[in-house]
Amino acid sequence: MRPYYDVVIMGGGPGGATLAALLMRQGGLSVAVFEKEEFPREHIGESFAHPLIPVLEESGALEKVLASDCWVKKFGGIFQWRGEDPHVAFFDHDNTVRDGAHRWAVHANRSEFDAILLDHARDCGAEVFEGVSVSDCSPLADGPGQEVTLKDGRTVRAGYFVDASGRRNSVVTKKKREWLSGYRNIAIWQHYLGGKPTQSLEGDWNIFREHDMSPIGCFAFRDGWCWYIPVPKIIDGERVVTHSIGIVTDPGILKQPGTDFTDAEVFLRTIKEVPKLKELIGDIRPVGDKMLTATNYSMINDRFADFDGRWILLGDASYFVDPLFSSGVAFATNQARAAAALIRHSSGSQMSEEELRGLWEDYDTEWHGMASSFALSIDQWYHAIGKDNPESVYWNSRGTEGPAGPSHEKTFQALLNTAFTPDLLQVLAQGEGLAGLRVDGPFMTAFAKANALELTADTKVSLKEGVAVLQGPALDIPGFKAAIPPNPDLVSEEEQQAIKAYWEDPVRNGHLVESPLDRPLDCHRFHIPGDPEAVQVRGLDERDGAADLWARLRGGPVLWSELVQDLHEGQERLLKRLLHAGMLELGDHA
C-alpha cells in the first residue's frame, strides 16, 4: 500500500469498480480501491436497466461479463398492477419498435457479477485491497485532497476521494442522509428452484413469449409488490437458474396477523396467491432456509461532490430511489462514468478554477436532478396504483402527493427506460410539446396560478436584477451513451443508425457511438454572484440553445409572445428552468 494515490475509492461494488477501471484505461493516475468485504459476496439487486451496458462496454468489463455464466439477457419488464392485463414494454420501447434493435441489460448473480467487475479493475492496474475498511477521512492540511483513515489505523493520502461504499452514512459529508421519499419500505427475499420463466406467461399481451426473451416480472398484491428475477447460481456444484423472489412492503404490515413475510412459510403462502406470479411458482422450493431483508433504502445526501474537498459520492452513497424499475446499478455505473470524466478534466486540463468548479457543480446539480425527478415519477406511479387499491395500507401510503400531469402509461414507459435527463417530469407531462410555453399551455397555466401571476402574450420578460451569465465548458451529465431522446427528430438519421448498430453488438460496435461525456460542451451558466444559496441554471449551447436564449434576454425586456414563438424544445426546457429558479422578471404588460 502506497502512502499516496491520485484517487482513493471507498467501495468495490459496481460503481467503485467501474470508476477504477475507467480511470486506469484513461491512464496517468494511480488508483486504490478499499473494499471492506472479501469478494465474492452476496448482494441485493440482481436485475439491471439497459444504461448499464454502455458503461461496462467503455470500461472494458462487458466482454468479461458476457463470457461468464452468471447472467441472463434481459429485454424489459412485465408489471402486473391491476386486474387487467399487465403493463409490458421492451427497454426504450418506442425506439426498439421503430428501429428493431433491442436495448438490453442482464439479470445476474451479484456475487459473481461484482467479482468480475472488481477483478477487471485490478487487471486494468488499480490497486484493490479487499477486507480493508475505511473509517474516516479529512481534508489534507497542505493542499487539496483527503487523508483517508483505515479501520486498522493506517492512513493514506488521496488527491481525490470517492465514496462508493453503499447505503451507510457518508464518512466524508459527516451527515445523516435525508429521506428521498415520504414512505419506508422493507424488502424480503429468497432464491428458489423450480420456477417457470416470466416470458412463459399466457396472454396476447406477452410480447416476450414468442422469442423467449426474458423480462423482469413485478406483481402487485394488497400489501405491496413482488419481484421475480432469473438468477444463475451454482447449487451443489451445478449451474442452475434459480429465481430471486422478493416482497416489498411497509414494515408496519409485518406486525399484522398473517403478514409477517420474514417467516418463510408465510412468505411462500403469500406469493402463491399473487395474480400472474402464482402461475410461475407452483412447484418452487427454496435454496436457503432463512429469508433475507433490506430496509429503509430510499435516501439521499445533500451534496454529491465538493471541488474544494476533492470528494465525490456515487451509487447508493449519493442516493437510492426505489428498486421498482431496477435502476440502482445503472445509475451507479453512469455516475462512475461522469466521475471519471470529472477527475480527468480536473487533473489534466488547462481549465481555470472557475471552469472546473462549474464541472463539479454539473455533477452535483444534474445527478440531484435525476434523483429527484426519478423519485417523483415513481411516487406518481405509486399514486396511480393507490387509486385502484383503496383498501390497501401499502399502496395508499405511497405516492399520495404525486405530481399532477404525467399519465400512468407515460410514467411507466419513462421509468422503465431510465435513460432520461433531469427533465424527466417535463418529458412526461402531457401537453408539453413545442406549444408547452403558450400562455394557455398547461405548464404556464399552473406556474402562473402557483405564483399569482398575470401572464399574457404582452407580458414583458427580462432577467432579474443581479442575474449574471458565465460562458465556458460543461459536462453533459448524466450523459447516457447510445440513448435516443423521447423526440427522435433531435438526433440525426446517421446517429440513429449508429445507435441501432451499437445495440446489436455493443462490444464490437462501441466505436460507432460517442459518449456525451467524451468532451466538454460550451454552455451558459445563469447564476446570482455572491449568493451561495442561489440555484445555478446551466444551458448547453449545443442542445439547449442557451447562447441564443441569452442573446434574446440580455437586451432588456422582451414580449412573452415574441420570446417563445420560435423556441425549440431544448430552449423551452431551459426557459422553464429559469422560471422555476426565479431568475426571470415578468413585468407590466406592454
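Bear in mind the structure is a predicted one, so any value in this text is a computation, not a measurement.

**Student:** Requested: an account of the pairing of strand β2 (residues 31-35), with residues and values cited.
**Tutor:** Across the 5 residues of β2, 5 count as buried, placing the element largely inside the fold. By the bridge criterion, 4 bridges tie β2 to strand β7 (residues 127-130) in an arrangement that is parallel. Bridging from a neighbouring strand, Ala-32 pairs with Glu-127 of β7.

**Student:** Give me the lowdown on the sheet that holds strand β23 (residues 521-527), citing residues and values where you can.
**Tutor:** As summarised here, the arrangement of the 3 strands in space is β22-β23-β24, forming an open sheet in which the pairing is antiparallel. Sheet topology places β22 (468-474) and β24 (537-540) at the edges, where each strand pairs with a single neighbour. Averaged over all neighbouring strand pairs, the angle between strand axes comes to 25 degrees, with direction disregarded. Strands in contact with helix α15 (residues 546-554) are β22, β23 and β24; relative to β23, the strand with the most contacts, it is inclined by about 35 degrees. Each of β23 and β24 touches helix α17 (residues 569-580); the most contacted strand, β24, lies at about 170 degrees to it.

**Student:** I'd like a rundown of the nonpolar core, residues and numbers included.
**Tutor:** Tyr-319, Phe-325, Tyr-363 and Trp-367 are the most contacted members of the largest nonpolar core, which has 137 residues in total. With 13 residues, the single largest contributor to this core is helix α8 (residues 353-387). Of all hydrophobic cores here, the second largest spans 26 residues; its members include Met-444, Leu-455, Leu-553 and Leu-574.

**Student:** Before we move on, can you summarise the packing of aromatic side chains with the specific residues and values?
**Tutor:** As enumerated under the stated definition, the model contains 19 aromatic pairs in all. Ring centres of Trp-81 and Trp-225 lie 6.4 Å apart, and the angle between their planes is 80 degrees; on these two criteria the pair is classed as edge-to-face. Residue Trp-81 is located in the loop between β4 (76-80) and β5 (87-90), and its partner Trp-225 is located in strand β14 (residues 224-235); the two are separated by 144 residues in the primary sequence. Relative to Trp-503, the ring of Tyr-502 lies with its centre 5.7 Å away and its plane at 85 degrees, an arrangement referred to as edge-to-face. Both residues of the pair, Tyr-502 and Trp-503, count as buried. Geometry around Trp-104 places Lys-73 over its ring, the cationic atom sitting 4.5 Å from the centre.

**Student:** Before we move on, can you summarise the packing of helix α1 (residues 14-26) against helix α5 (residues 110-123) with the specific residues and values?
**Tutor:** Where α1 contacts α5, the axes come no closer than 8 Å and their chain directions differ by 25 degrees. Here α1 lies roughly parallel to α5, going by the angle between them. The handedness of the crossing between α1 and α5 is left-handed. Taken together, the residues of α5 that come into contact with α1 (itself represented by Pro-14, Ala-17, Thr-18, Ala-20 and Ala-21) are Arg-110, Phe-113, Asp-114, Leu-117, Leu-118, His-120 and Ala-121. Looking at side-chain class alone, the contact of α1 with α5 contains 8 nonpolar, 2 polar and 2 charged residues.

**Student:** Mind laying out unusual backbone geometry, listing which residues take part and the relevant values?
**Tutor:** The amide bond that connects Phe-39 to the next residue, Pro-40, takes the cis arrangement and shows omega of 0 degrees. Mapped onto the secondary structure, Pro-40 falls in the loop between β2 and α2 (52-59). The residue after Ile-477, namely Pro-478, is reached through a cis peptide bond having omega 5 degrees. One can find Pro-478 in the loop between β22 and α12 (493-504). Phi is positive for Asp-212, close to 50 degrees, though the residue is something other than glycine. One can find Asp-212 in the loop between β12 (186-193) and β13 (216-221). Exposure remark for Asp-212: the relative accessible area of 54% places this residue in the exposed category. Here Ser-326, not a glycine, exhibits a phi torsion of approximately 55 degrees, which is positive. Structurally, the position occupied by Ser-326 is in the loop between β20 (311-313) and α7 (328-348).

**Student:** Pulling in residues and values, what's your account of the pairing of strand β8 (residues 134-139)?
**Tutor:** Across 5 bridges, the pairing between β8 and strand β9 (residues 146-150) is antiparallel. Note that in β9 the partner of Ser-138 across the bridge is Glu-147. A loop of 6 residues connects β8 with β9, the two strands running antiparallel in sequence, and Gly-143 in this loop sits at a positive phi of about 155 degrees.

**Student:** Please provide a residue-by-residue account of α2, values included.
**Tutor:** Counting buried residues in α2 gives 8 out of 8 residues, a clear majority hidden from the surface. Every buried residue of α2 is listed here: Leu-52, Ile-53, Pro-54, Val-55, Leu-56, Glu-57, Glu-58 and Ser-59. A positive phi of about 90 degrees marks Gly-60, the residue just after α2.

**Student:** Quick one: what's the story with the pattern of salt bridges, residue by residue and with numbers?
**Tutor:** Following the criterion strictly, the structure yields 34 salt bridges and no others. We note a salt bridge from Arg-41 to Asp-114, for which the minimum N-O separation is 2.6 Å. Of the two residues, Arg-41 is situated in the loop between β2 and α2 and Asp-114 in helix α5; the sequence distance between them amounts to 73 residues. Lys-64 is the partner of Asp-123 in a salt bridge, and the nearest nitrogen-oxygen pair spans 3.1 Å. In this pair, Asp-123 sits in helix α5 while Lys-64 sits in helix α3 (residues 62-67), placing the two residues 59 residues apart along the sequence. Taking relative accessible area as the criterion, Asp-123 reaches 57% and is therefore assigned exposed. Owing to a relative accessible area of 33%, Lys-64 belongs among the partly exposed residues under this scheme.

Calculation rules
Along each chain, numbering runs from 1 in the same order as the chain's sequence is written. Since the coordinates come from a predicted model, pLDDT governs what is reported: local features require at least 70, and pairs of side-chain atoms require 80 or more to be given and counted, while whole-chain, interface and lining totals use all residues. Processing note: side-chain calculations cover all non-hydrogen atoms of the structure and skip hydrogens and water entirely. Three labels apply to residues, based on accessible area from a 1.4 Å probe with only protein chains included: buried if under 20% of the type maximum, exposed if over 50%, partly exposed otherwise in between. Elements are defined by DSSP. Helices are runs of H or I of four residues or more, strands are runs of E of two residues or more, and each kind is numbered from the N terminus. A pair of strands is treated as paired once DSSP finds two or more bridges between them. Here the axes come from fitting lines to C-alpha atoms, over the contacting stretch only for helices, and the angles between their N-to-C directions go from 0 to 180 degrees. Pairs of residues are marked as contacts when any of their non-hydrogen atoms sit within 4.5 Å. The term nonpolar core refers to a set of buried residues drawn from Ala, Val, Leu, Ile, Met, Phe, Trp, Tyr and Cys, joined through side-chain atoms within 4.5 Å. Side-chain rings of Phe, Tyr and Trp (the six-membered ring for Trp) are treated as a pair once their centres are within 6.5 Å; stacked means planes under 30 degrees apart, edge-to-face means over 60, and tilted covers the remaining angles. By the criterion adopted, a ring carries a charge over it if an Arg CZ or a Lys NZ lies within 6 Å of its centre and within 35 degrees of its normal. When describing relative orientation, an angle under 35 degrees is termed roughly parallel and one over 145 degrees roughly antiparallel, while 65 to 115 degrees is termed roughly perpendicular and anything else oblique. Whether a crossing is left-handed or right-handed is set by the direction in which the near helix is turned from the far one by less than a right angle, anticlockwise for left-handed and clockwise for right-handed. Three residue categories are used. Nonpolar comprises Ala, Val, Leu, Ile, Met, Phe, Trp, Tyr, Cys and Pro, charged comprises Asp, Glu, Lys and Arg, and polar comprises the others, including Gly. Just to be clear on terms, a salt bridge is a Lys or Arg side-chain nitrogen sitting within 4 Å of an Asp or Glu carboxyl oxygen.

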